Amino acid sequence: MNDILQGINVYLVGMMGSGKTTVGQELARHLGYRFFDTDTLIERVAEKTVSEIFATEGEVNFRQLEHQVLCELAAYQHSVIATGGGIVIRTENWSYLRCGLVVWLDAPVETLFDRLRGDSTRPLLDDRDPLAKLEAILAARRSKYEQADLHVLFQDGESPAQIAQRIFNDIPTVLKSRV
Ligand code: S3P
């Protein structure tokens, strides 16, 4: 196990399609950490998909479940946690995120849109103009994502493994600036 983080969790935040899950799995391997995905845990707790939760219980209830799952995960250490894109919205979620290292995976909206084209698992993109919707969501959240400790901007052609390696290399610099 790599002890550079001394067990503190790494939270990956960012828009839908930014690669939090795939990059997170790679990063967990580098760090010798466990990997969790908040959406997967929410679906397990609710016994419904994210889309079903939005459709039957609404976004407010989804956000409540998301908050509860985050609260439970925060009790763990040595974990990389891929969060849902909207976790940054609720101020109280930051009291948990702040206890770990927060990494913002950022990619141009056009890249996100290409990756999410034809995806039916993101209820917020079930819209007549999903590209405009993505742009509006990012504009509303950008200032929250900017509160992350580390900003990782996707570079053309970079694989999830390469992004994870870059995060791993940058972690010591961020730890210094947190002291
Ligand atoms: C959401 C992002 C999704 C999921 C839900 C809401 C958002 O997760 O939590 O559809 O508000 O941006 P991903 O970021 O993993 O796609």
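A few points on the structure. These numbers were taken from a predicted model, which means no experiment stands behind them.

**Description of the packing of aromatic side chains**
Evaluation of the coordinates by the stated rule reveals three aromatic pairs. A ring pair is formed by Phe54 and Phe62, whose centres lie 4.9 Å apart and whose planes are at 40°; its orientation type is tilted. Side by side, Phe54 and Phe62 carry an identical accessibility label, which is buried. Plain terms: the ring middles of Trp104 and Tyr145 are 5.7 Å apart, the flat faces sit at 20° to each other, and that makes the pair stacked. Pair noted here: Trp104 is in strand 4 (residues 101–106) and Tyr145 is in helix 6 (residues 130–145), with a separation of 41 residues, a long-range link.

**Brief notes about a negative patch on the surface**
On the surface, a cluster of negative charge is made up of Glu110, Asp126, Asp127, Asp129 and Glu135. By the secondary structure assignment, Asp127 is in the loop between helix 5 (109–116) and helix 6.

**A few points about the pattern of salt bridges**
Summed over all chains, the structure comprises nine salt bridges. Between Arg63 and Glu66 there is a salt bridge, with its nearest N and O atoms 2.9 Å apart. Of this pair, Arg63 and Glu66 both sit in helix 3 (residues 50–73), separated by three residues, roughly a single helical turn. Looking at Arg63, the relative accessible area reads 8%, which means it is buried. For Glu66, a relative accessible area of 1% corresponds to the buried category. Arg166 is paired through a salt bridge with Glu158; the nearest N and O atoms lie 2.7 Å apart. Overall, Glu158 belongs to the buried group, its relative accessible area being 14%. When salt bridges that share partners are traced, they join Glu59, Arg63 and Glu66 into one network.

**Describing the nonpolar core**
If you look at the biggest cluster of nonpolar residues, it comprises 56 residues, and the most contacted ones within it are Val10, Leu27, Leu31, Val103 and Ile167. Examining the composition of this core, we find that eight residues originate from one element, helix 3, more than from any other.

**What about the site of the ligand?**
Neighbouring the ligand are 13 residues, the closest being Lys20, Asp39, Arg63, Arg122 and Arg141. Within the contact set of the ligand, an oxygen atom lies 2.7 Å away from a side-chain nitrogen or oxygen of Asp39. Taking Arg122, its side chain carries an N or O atom lying 2.7 Å from an oxygen atom of the ligand. Burial of the ligand by the surrounding chains reaches 95%, relative to a free accessible area of 380 Å². Per-element tally for the shell around the ligand: the top contributor is helix 3, with three residues. Residue composition of the shell around the ligand, grouped by class: five nonpolar, three polar and five charged.

**Observations concerning the sheet that holds strand 1 (residues 10–13)**
Two orientations exist for strands paired in a sheet by backbone hydrogen bonds: parallel and antiparallel. Taken in spatial order, the five strands of this open sheet run 2-3-1-4-5, and their pairing is parallel. Two strands lie at the open edges of the sheet, namely strand 2 (34–37) and strand 5 (150–153), each paired on one side alone. Mean inter-strand twist for the sheet, computed between neighbouring axes without regard to direction, equals 20°. For strand 4 and strand 5, the ladder comprises four bridges, and the chain directions are parallel. Bridging from a neighbouring strand, Asp106 pairs with Leu153 of strand 5.

Calculation criteria
- Residues numbered from 1 in each chain as written.
- Predicted model: local features only at pLDDT ≥ 70, side-chain atom pairs only at ≥ 80, totals over all residues.
- Heavy atoms only, no water.
- Phe/Tyr/Trp six-rings, centres within 6.5 Å; stacked < 30°, edge-to-face > 60°.
- Buried < 20%, exposed > 50% of the residue type's maximum accessible area, 1.4 Å probe, protein only.
- Helix = DSSP H or I, 4+ residues; strand = E, 2+ residues; numbered from the N terminus.
- Patch = residues over 30% accessible without salt bridge, like charges linked within 9 Å, V, L, I, M, F, W, Y side chains within 5 Å.
- Areas by Shrake-Rupley, 256 points an atom, 1.4 Å probe, with all protein chains shown as cover.
- Salt bridge = Lys/Arg side-chain N within 4 Å of Asp/Glu carboxyl O.
- Lys, Arg positive; Asp, Glu negative; His and termini not counted.
- Charge placed at Lys NZ, Arg CZ, Asp CG, Glu CD.
- Core = buried A, V, L, I, M, F, W, Y, C linked by side-chain atoms within 4.5 Å.
- Near = heavy atom within 4 Å.
- Polar contact = N/O pair within 3.5 Å; in protein donor to acceptor, adjacent residues only side chain to side chain.
- Nonpolar A, V, L, I, M, F, W, Y, C, P; charged D, E, K, R; others polar.
- Pairing = 2+ DSSP bridges.
- Axes fitted to C-alpha atoms, helices over the stretch in contact; angles between N-to-C directions.

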